[in-house]
Amino acid sequence: MAWNPYGLDQVAHRLVQRALQIDADPEIAGDSCLREVYEMRESVAYGLERFWGEQLRHYNKKQDKNATYWQETWRKLVSILDGAGVVLPNDENANIMAQKLWGDIPLNETGVRLSHENRQVALAVLTQLCDCMVWWTQRYK
Amino acid sequence: MSNADDVPMMFRASVSGRCQLQYIDGNRNRDTESDIERWVSEWTIAELPSQPPTLSQHQSDDTCFSFQTIPYCITWRFVSNSGADPTIILPVIGARGFPYYPGSSMKGAFRQACNKIFPDRVVYYCGDRDSISPGILRFHGGYPTSNTWKNNLIDLAHPQQGWQVKNLDTRQKDGGAFVQISLHQPELKFGISSAIDLIGAEWQDIWQVWRVALSNGIGCRVSAGYGKSTERAESPLYKVTLNGQGVASTLLDSTPEFRPNIFRAALRGHALRIFGGLSDEDTAESLVKQLFGGIHNGTDWGLLSIGFRETKPFRWEKYGRYEMPYYEVKGELSWLLTQSVEDEKEKALKSLVNHLMQFSMLLGGFGRSWRRVDHRKFYPDEQYEKLIGCHWTWQKSLFLSNDPDDQLQAVGQVIDRVLNVAQSWMQRCQLELVHDHPAKWREAWCRDRAQVWGRVADDEGDSLAIKWFHQGYDEVLRGRKFVPTKQLKGTAVAGFTGNQDNPTRIGRLWHRMYPVTERIVRADGRQGFRQADQYLELLTFFPDTKGEDSKQLTEYLNRPKSPFTRLW
């Protein structure tokens, strides 16, 4: 297996820049989302489902800026892991997401379920991604 | 193999159907567990050692000069927000699942108290950032001393200010129950160590500072009475002993609890009514926020905080078909300043709190069903399905004369004094009185919206209005019997407990039996007070100009032969 640069730090940098764009966008409702990354880093400790669910919680509270930021971060995580051959779900329904994330139902039509090892991999990558985002956020604060 | 339904609450998405800790379904089936109940049982079900290891292993070292621990009891509830879930206040949870009070918070509270009593030692004890000098003390935090912290963790709050004071139509009720996790009457053992050996007297001083911090309150929500120790507050702004009885608040699992935040809620509500009668909505809101704290147009730290020390512990018994808890309690209520203010302001604040307490004691009550007298006490003949009302007394006299009729006539003056004090507080805050635009609230306290009526009742059984609520009023002779012709029960004036189709309405009448007090001179020559058999039966009425029931009652009260006279 050859060395593969996943470019987590660059992804994190782009996400933080996106946060600045989201904050500047008058079309998106809610309070500034730049500092949300500290919440993100903290919620990693509670696992993938809790992290994914935050976007819905923010939408329900009409904090669209925050919700967008969490959602885009999740999407990036999905695409990073996709590059490594790990499928992460990204459904809109909370119950389906929970069942997919905890391996109760297959991730897609191939019938593959998310394994415990892949959950651990995803969490490790997410932790590192958030650490990088915290680093970039501090540069822009 | 995992299963999404087996995943602990803490690891689930904070959305409906997965985990919503803060959401309590009012119509929930008692058989189904709410998310927060499940969260708590997941937390507490683990077998824990009876004491956290960190402080107990040093227990034998208590005589040691460099490390001491002392346990203190918290009178009501204690909460220290960990921020683990942004939707709800959850305690800081440490190793092995123990809730604890962090040492860093302890240092903050200690420093604040030290600033008050030994300002010259703050740097010595706590260090100084500017001169980069460390303090001699290290704060180890506080840990519960037994596993009783697991009881009654779920703490409910029902903010009702909008509903009780403002809403013109009380069928609309906004908000709902809010839930948080707090420890109920825990005993916490606090640890402090010193980098150098200290003599015993020095340690006494250090713990004295900590006791002051405890009497000010530790953790969060201290202004509502959380985190206060059983230690007496040294110099409260206002202090009084109160006796109360009535319908107890209950927790989610129906356990009754005495909640000292009822005093704050009552005074806050009355302050809002009174300022709302003297000025517009925004001014009234900001004045109240300045006093009690709040989040109207930005968050504010209020000037006042309460503490309640039970001197006769909260007792209760089940009553009636619904087994409602009926309580009796006696305790010392104190109002404390949360920050230092200049002397003149402190004096004005003291007077304001004093008069708001008088208003509250004279016309209303505290806690559940505060608008009604305790029906069990004043109308004991009926077998009640549900308990109604409360009764609060104190050993104070608001009046100069011992004559009940004079006292009745002086009620208006007591109310006027409250208004005067409130006005001067507004002037102190450099706010103009807006007499022609009082707040558009149902219970704004102004002449054309609030009326106070009264009579002298000979004894406990002689309450007229309580009969009106049950049987009706305006009796006429039919045959040989007096028969009431008008009804209060179920009307918008009396209010009622409703259901989904016909929601609960808050009445427009407060009914209070205020005990007549006599000034006496005790054998030792000191002045005291004695409660007489008579009562001032007081009705506070906020008539609805459009409502037929209000018109009928106004017309009846205004008749020349009306049993009540208008006092304000």
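Reading guide: rules and limits
- Residues numbered from 1 in each chain as written.
- Chains lettered and ligands numbered in written order.
- Predicted model: local features only at pLDDT ≥ 70, side-chain atom pairs only at ≥ 80, totals over all residues.
- Heavy atoms only, no water.
- Helix = DSSP H or I, 4+ residues; strand = E, 2+ residues; numbered from the N terminus.
- Rg over C-alpha atoms; globule rule 2.2 N^0.38 Å.
- Buried < 20%, exposed > 50% of the residue type's maximum accessible area, 1.4 Å probe, protein only.
- Contact = heavy atoms within 4.5 Å.
- Areas by Shrake-Rupley, 256 points an atom, 1.4 Å probe, with all protein chains shown as cover.
- Lys, Arg positive; Asp, Glu negative; His and termini not counted.
- Charge placed at Lys NZ, Arg CZ, Asp CG, Glu CD.
- Core = buried A, V, L, I, M, F, W, Y, C linked by side-chain atoms within 4.5 Å.
- pLDDT = per-residue confidence, 0-100.
- Buried area = accessible area lost by both parts, 1.4 Å probe.
- Salt bridge = Lys/Arg side-chain N within 4 Å of Asp/Glu carboxyl O.
- Pairing = 2+ DSSP bridges.
- Axes fitted to C-alpha atoms, helices over the stretch in contact; angles between N-to-C directions.
- Polar contact = N/O pair within 3.5 Å; in protein donor to acceptor, adjacent residues only side chain to side chain.
- Arc of directions from axis to C-beta.

A few points about the overall build of chain B
Next up, step 1: In terms of regular secondary structure, chain B is built from 13 helices and 23 strands.
Next up, step 2: The C-alpha radius of gyration computed for chain B amounts to 26 Å, which stays within 12% of the reference 24 Å derived for 568 residues, consistent with globular compactness.
Next up, step 3: By residue count, 52% of the 568 residues in chain B fall in the buried class.
Next up, step 4: Counting contacts in chain B only where the partners sit at least 6 residues apart, residues at least 24 apart contribute 72% of the total.
Next up, step 5: With the model as given, the accessible surface of chain B reaches about 26300 Å², and the carbon-plus-sulfur share is 47%.
Next up, step 6: Each charge class in chain B can be summarised by its mean position, and for the 69 positive and 67 negative side chains these summaries are 2 Å apart.

As for the nonpolar core
All names here are of chain B.
Next up, step 1: Counting residues in hydrophobic clusters, the biggest one holds 75 residues, and the most contacted among them are L242, F263, F275, W335, M357, W392 and W445.
Next up, step 2: Of the residues forming this core, the biggest block, eleven residues, is contributed by helix α11 (residues 404–428).
Next up, step 3: Apart from residues lying up to four places away in sequence, W335 is in contact with P236, L237, Y238, F263, R264, L267, F292, L304, S305, I306, V353 and M357.
Next up, step 4: Core analysis: the second largest hydrophobic core is formed by 51 residues, C114, I154, L198 and V212 among them.

Notes on the environment of H375 of chain B
Next up, step 1: In this fold, H375 of chain B is placed in helix α10 (residues 375–378).
Next up, step 2: A C-alpha to C-alpha distance of 6.0 Å links H375 of chain B and G389 of chain B, two positions 14 residues apart in sequence.

Quick word on the confidence of the model for chain A
Next up, step 1: Overall, the prediction assigns chain A a mean pLDDT of 95, with 99% of residues at 70 or greater.
Next up, step 2: Of all helices and strands in chain A, the one with the weakest mean pLDDT is helix α2 (residues 36–43) of chain A (94), whereas helix α4 (residues 64–83) of chain A scores best (97).

Structural notes on the interface of chain B and chain A
Next up, step 1: Across the boundary between the two partners, chain B contributes 18 residues, which contact 20 residues of chain A.
Next up, step 2: Across the chain B/chain A interface, buried area totals approximately 1600 Å², and carbon plus sulfur atoms make up 52% of it.
Next up, step 3: Of all residues in chain B, the largest losses of buried area upon contact with chain A belong to F11, V15 and P86 of chain B, amounting jointly to 27% of the total for that side.
Next up, step 4: Run the count over chain B and chain A and you get one salt bridge.

Digging into the sheet that holds strand β1 (residues 67–73) of chain B
What holds strands together in a sheet is hydrogen bonding between their backbones, with the strands either parallel or antiparallel.
Residue and element names in this part refer to chain B.
Next up, step 1: Strand order in the open sheet formed by three strands is β1-β9-β5, with antiparallel pairing between adjacent strands. The open sheet has two free edges, formed respectively by β1 and β5 (137–144), since each of these has just one partner strand. Geometrically, the sheet is characterised by an average inter-axis angle of 20° between neighbouring strands, direction not taken into account.
Next up, step 2: One ladder, built from seven bridges, connects β5 with strand β9 (residues 187–194); its direction is antiparallel. Residue pairing in the sheet places G141 in a bridge with G191 of β9.
Next up, step 3: Sitting on the sheet, helix α3 (residues 103–117) touches β5 and β9, and the angle it makes with β5 is about 115°.
Next up, step 4: Relative to β1, helix α6 (residues 200–216) is tilted by about 30°, and along the sheet it contacts β1, β5 and β9.

Considering the side chain of D155 of chain B
Residue and element names in this part refer to chain B.
Next up, step 1: Looking at the secondary structure, you find D155 in strand β6 (residues 154–157).
Next up, step 2: Separated by 2.9 Å, the side chains of D155 and S182 make a polar contact.
Next up, step 3: Excluding anything up to four places from it in sequence, D155 contacts R77, F178, V179, Q180, S182, Y226 and R259.

Points about helix α5 (residues 94–101) of chain A
Residue and element names in this part refer to chain A.
Next up, step 1: Along α5, the positions that sit buried rather than exposed are A94, M97, A98, K100 and L101. The arc that holds every buried residue of α5, seen down its axis, measures 165°, which confines them to one face.
Next up, step 2: Those residues of α5 that are buried lie in contact with α3 (47–60), α4 and α6 (116–140).
Next up, step 3: Between the side-chain oxygen of the N-cap and the backbone nitrogen of N95 there are 2.8 Å, and the N-cap of α5 in question is N93.
Next up, step 4: Of the residues one or two after α5, G103 is the one with positive phi, at around 80°.

Let's talk about the sheet that holds strand β15 (residues 390–394) of chain B
Residue and element names in this part refer to chain B.
Next up, step 1: Taken in spatial order, the four strands of this open sheet run β13-β14-β10-β15, and their pairing is antiparallel. Here the strands that pair on one side only, and so sit at the sheet edges, are β13 (304–319) and β15. For this sheet, the mean inter-axis angle between neighbouring strands, taken without regard to orientation, is 15°.
Next up, step 2: Bridge count between strand β10 (residues 238–247) and strand β14 (residues 324–337): ten bridges; the pairing is antiparallel. For G244, the partnering residue across the bridge sits in β14 and is V329.

Notes on the pattern of salt bridges
Residue and element names in this part refer to chain B.
Next up, step 1: This structure, assessed with the given rule, holds 32 salt bridges over all chains.
Next up, step 2: The partner of R77 in a salt bridge is E257, and the shortest N-O contact between them spans 2.8 Å. In this pair, R77 is assigned in strand β2 (residues 77–78) and E257 in strand β12 (residues 256–257), connecting sequence segments 180 residues apart.
Next up, step 3: Between K377 and E460 there is a salt bridge, with the nearest N and O atoms lying 2.6 Å from each other.

Examining unusual backbone geometry
Residue and element names in this part refer to chain B.
Next up, step 1: A positive phi angle, close to 45°, is found at Q185, a residue other than glycine.
Next up, step 2: Note that Q185 resides in the loop between β8 (183–184) and β9.
Next up, step 3: The phi angle at E323 is positive, at roughly 50°, despite the residue not being glycine.
Next up, step 4: The topology assignment puts E323 in the loop between β13 and β14.

Focus on the pairing of strand β22 (residues 527–541) of chain B
Looking along a regular strand, one sees side chains alternate from face to face of the sheet.
Residue and element names in this part refer to chain B.
Next up, step 1: Here strand β16 (residues 451–457) pairs with β22 via seven bridges, running antiparallel. Its bridge partner lying in β22, G454 is registered against L538.
Next up, step 2: Relative to β22, strand β21 (residues 509–521) runs antiparallel, the two sharing twelve bridges. The residue bridging H511 from the neighbouring strand is L539, located in β22.
Next up, step 3: A loop of five residues connects β21 with β22, the two strands running antiparallel in sequence, and G525 in this loop sits at a positive phi of about 90°.

Digging into the environment of I196 of chain B
Residues and elements named next belong to chain B.
Next up, step 1: Looking at the secondary structure, you find I196 in the loop between β9 and α6.
Next up, step 2: A C-alpha to C-alpha distance of 75 Å links I196 and P563, two positions 367 residues apart in sequence.
Next up, step 3: Sequence-distant contacts of I196, that is, excluding residues within four places in its chain, are made with Y124 and I136.

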